[in-house]
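Survey of secondary and tertiary structure
Letter by letter, the chains look like this.
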4 protein chains.
Amino acid sequence: MNQKQVFQQIAEFWTNKMPFNQLLGLKITTFDHVQSEIRFVWQEQLIGNPIQNILHGGVTASALDLAGGVVAAANIIDALDDLSETVIQQSLSKLGTIDLRTDFLRPGRGEEFIVTARIIRSGSKVAVARMEMHNEKGEHIAFGTGTYMVG
Amino acid sequence: MNQKQVFQQIAEFWTNKMPFNQLLGLKITTFDHVQSEIRFVWQEQLIGNPIQNILHGGVTASALDLAGGVVAAANIIDALDDLSETVIQQSLSKLGTIDLRTDFLRPGRGEEFIVTARIIRSGSKVAVARMEMHNEKGEHIAFGTGTYMVG
Amino acid sequence: MNQKQVFQQIAEFWTNKMPFNQLLGLKITTFDHVQSEIRFVWQEQLIGNPIQNILHGGVTASALDLAGGVVAAANIIDALDDLSETVIQQSLSKLGTIDLRTDFLRPGRGEEFIVTARIIRSGSKVAVARMEMHNEKGEHIAFGTGTYMVG
Amino acid sequence: MNQKQVFQQIAEFWTNKMPFNQLLGLKITTFDHVQSEIRFVWQEQLIGNPIQNILHGGVTASALDLAGGVVAAANIIDALDDLSETVIQQSLSKLGTIDLRTDFLRPGRGEEFIVTARIIRSGSKVAVARMEMHNEKGEHIAFGTGTYMVG
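To keep things clear, this report deals only with the structure shown in the data block. (Residues numbered from 1 in each chain as written. Chains lettered and ligands numbered in written order. Predicted model: local features only at pLDDT ≥ 70, side-chain atom pairs only at ≥ 80, totals over all residues. Heavy atoms only, no water.)

1. Considering the overall build of chain A
The condition is simple: Strands here are runs of E lasting at least two residues and helices are runs of H or I lasting at least four, both read from the DSSP assignment and numbered beginning at the N terminus. We compute the radius of gyration from the C-alpha atoms alone; for a globule the expected value is 2.2 Å times N to the 0.38, where N is the number of residues. Classification of residues uses two cut-offs on accessible area relative to the type maximum, computed with a 1.4 Å probe and protein chains only: under 20% is buried, over 50% is exposed, and between them is partly exposed. Contact criterion: two residues are considered in contact whenever any of their non-hydrogen atoms come within 4.5 Å of each other. Only the protein chains shown count as cover for residues, with accessible areas throughout obtained via the Shrake-Rupley method and a probe of 1.4 Å.
For chain A, the helix and strand inventory stands at four helices and eight strands. In sequence order, the secondary structure elements of chain A are arranged as α-α-β-β-β-β-α-α-β-β-β-β. Relative to a compact globule of 151 residues, whose C-alpha radius of gyration would be 15 Å, chain A shows 15 Å and is just as compact. The buried share of chain A, taken over its 151 residues, is 58%. Relative to all contacts within chain A whose residues are 6 or more apart in sequence, the contacts with residues 24 or more apart total 59%. Carbon together with sulfur atoms contributes 46% to the accessible area of chain A, which is approximately 6,100 Å² in total.

2. Some thoughts on helix α3 (residues 57-78) of chain B
The cut-off we apply is this: Residue count minus one, scaled by 1.5 Å, sets the expected span of a helix.
Taking 1.5 Å per residue as the helical rise, α3 of chain B with its 22 residues ought to reach 32 Å, and the 32 Å between its terminal C-alpha atoms agrees with that figure. α3 of chain B sits mainly inside the fold: 21 of its 22 residues count as buried.

3. With respect to the packing of helix α3 (residues 57-78) of chain C against helix α4 (residues 85-92) of chain C
Residue and element names in this part refer to chain C. Heads up, the condition is: Geometry is summarised by axes, namely lines fitted to C-alpha atoms with helices restricted to the contacting stretch, and by angles between N-to-C directions that run from 0 to 180 degrees. Roughly parallel means an angle under 35 degrees; roughly antiparallel, over 145; roughly perpendicular, 65 to 115; everything else is oblique. When the near helix sits turned anticlockwise from the far one by under a right angle, the crossing is termed left-handed; a clockwise turn instead gives a right-handed crossing. Residue polarity follows a fixed list, in which Ala, Val, Leu, Ile, Met, Phe, Trp, Tyr, Cys and Pro are nonpolar, Asp, Glu, Lys and Arg are charged, and the others, Gly among them, are polar.
Two elements in contact, α3 and α4, have axes whose closest approach is 10 Å; the angle formed by their N-to-C orientations is 135 degrees. Judged on the interaxial angle alone, α4 and α3 are oblique. In terms of crossing hand, the pair formed by α3 and α4 is right-handed. Across from Ala73, Ile76 and Ile77 in α3, the residues of α4 making contact are Ile88, Ser91 and Leu92. Partitioned by chemical class, the residues of the contact of α3 with α4 number five nonpolar, one polar and no charged.

4. So, the relation of the copies chain A and chain B
Operational definition: C-alpha atoms of residues with pLDDT of at least 70 in both copies form the basis for the least-squares superposition of the copies.
Of the transformation placing chain A onto chain B, the axial shift is 0.0 Å and the rotation is 180 degrees, giving an RMSD of 0.0 Å. This pairing of chains is accounted for by a two-fold axis. Among all residues of chain A, the minimum C-alpha distance to the rotation axis is found for Arg101 of chain A, at 2.1 Å. Interface overlap between copies: 100% of the residues of chain A at the interface are likewise at the interface in chain B, consistent with a symmetric, same-surface contact.

5. Details of the interface of chain A and chain B
Convention followed: Throughout, the accessible surface (probe 1.4 Å) given up by two parts as they are put together, summed over both, is called the buried area. The salt bridge definition used is simple: a Lys or Arg side-chain nitrogen within 4 Å of an Asp or Glu carboxyl oxygen.
The partner chain B presents 33 residues to the 33 residues of chain A that form the contact. The junction of chain A with chain B conceals about 2,600 Å² of combined surface from both sides, 63% of it contributed by carbon and sulfur atoms. If you sort the residues of chain A by the area they bury against chain B, Phe20, His56 and Phe104 of chain A come out on top, with a joint share of 22%. At the boundary of chain A with chain B, the tally comes to two salt bridges. The salt bridge involving Arg101 of chain B is made with Asp99 of chain A; its shortest N-O contact spans 3.3 Å.

6. Remarks on the interface of chain C and chain A
The line we're drawing: Any N or O atom pair separated by 3.5 Å or less is treated as a polar contact, with the protein-specific requirement of one donor-capable and one acceptor-capable atom, and with residues adjacent in sequence counted only for side-chain atom pairs.
If you look at the interface, chain C gives 16 residues, while chain A gives 16 residues. Around 1,400 Å² of area is buried between chain C and chain A when both sides are counted, 45% of it from carbon and sulfur atoms. Joining chain C to chain A, the criterion identifies nine residue pairs in polar contact (both at pLDDT 80 or more). Every element with two or more residues in the side of chain C that touches chain A is listed here: β5 (96-104), β6 (112-122), β7 (126-135) and β8 (140-149) of chain C. Classifying every residue of the side of chain C that touches chain A by side-chain character gives seven nonpolar, three polar and six charged.

Right under this line is the structure:
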């Protein structure tokens, strides 16, 4: 497999085989070792405040964490010479979120939500990504910063 | 209604009428204006990593946010002289998470998870709470800090 | 005074009359209610690690906090109709940092450091700013996010 | 040298040979691999707000960062079998702050400030510490969380 194929496999696996991503409807639409994009659509069950009808803050945090995590995963893959399945699995098993800051800027209202992540620190042990979430009208809903273990 | 009854109503409403809390099975077991406790049990659908079988980081963030939010809500109530429904609803409508930091310390494994929050800043406009999550064996899984708009 | 004159006064006061800003040599070079820029030059006394010869993390945090604080101050001023000295002083007395996250990306090396802040949430009670610090070669040294009380 | 002697050497070096710690008057009073204490006294030059006469937020962040950093350093030392100077220096050269969150709870007023740090994650690559700052009257002034590279 080449790198592009590996990325595609990861996107498919994380979108379709991770129970919580499926529950929330989080879809990895594109990613490489520099940036990523996650999309999900409004669902009643994601409501955190039934009076105001807005997303639960945890939904936003989940989407930001995934967007940052997938770009951190791409950093791990990008550093590998050997793209055999064993090496990839072993390398990705080291991935984990160390900490995540979420800044809630506007109420989580919209029909579709787009989260983008961009790597700002790419090391052999730790990667840091910054994330943004907008709705389909382009309104900024949240920002975030995530620190990930990658090696 | 006295304050204790108001707190009980909030706990019931947030546990049973907030769709995302219900989806995750988050239950408010106790809270006042100083501290709170949230509990939830392991479910397959909360898995964020099917190989390691651990909670999605977003589940942890959701539970921490709720624990901090409910103690912030109790602060709002505690400052009210008039506990009529109109005043309570109007006051609680100002509640919102400004930012949330989650520190993931250990893999999210266990049968039951217990989140506790403690208020560390109690102002008329902004409240800050610190949270901890343990599993039923007492293992520390996560820490967090949340800043909430309360006025 | 018009708004531009008020901003100039604040820049002069914060640069020349705040003891700790003077100690570190932090200079406000430009700011309005959307963004700000702070500059300071390398000094031996700012070293946090004498073996590696790099800035103390607290120096970086100080500069980021000032950059975010000044753009939050401009937000306060921008919301005022009356720019009399009494109103300005009373309004600015509400300004305070609620929390600050600093991400250290690269060792703090360089001859001059440039910090920029950009407002990402502008409310009547709370403002949030994102900051970046580069050296004179354009190397990213740090990122940050600050939450400020403004009303 | 035994571990206790190594800790004493680090405390002396960081207190007396780090220019910025000296400038601020930060003194490491006690530390091991579980917790640490830093103290410093009020000085005019640490003022960040000459009208309110309170500490600059950057002073607080500097003290929290040092308290967390020194307990992270102790974790590095604690994992070593060989306490020769070469091994210690090489191991400590890996130490660095990845990110730091500071929560400012009360105005920084007092005659003396006491910062304590406690390790909450102790890994071979990354350590996380939580910090608190009080004044001599026991008033909580700030909380913080720091993530440190240790390997």
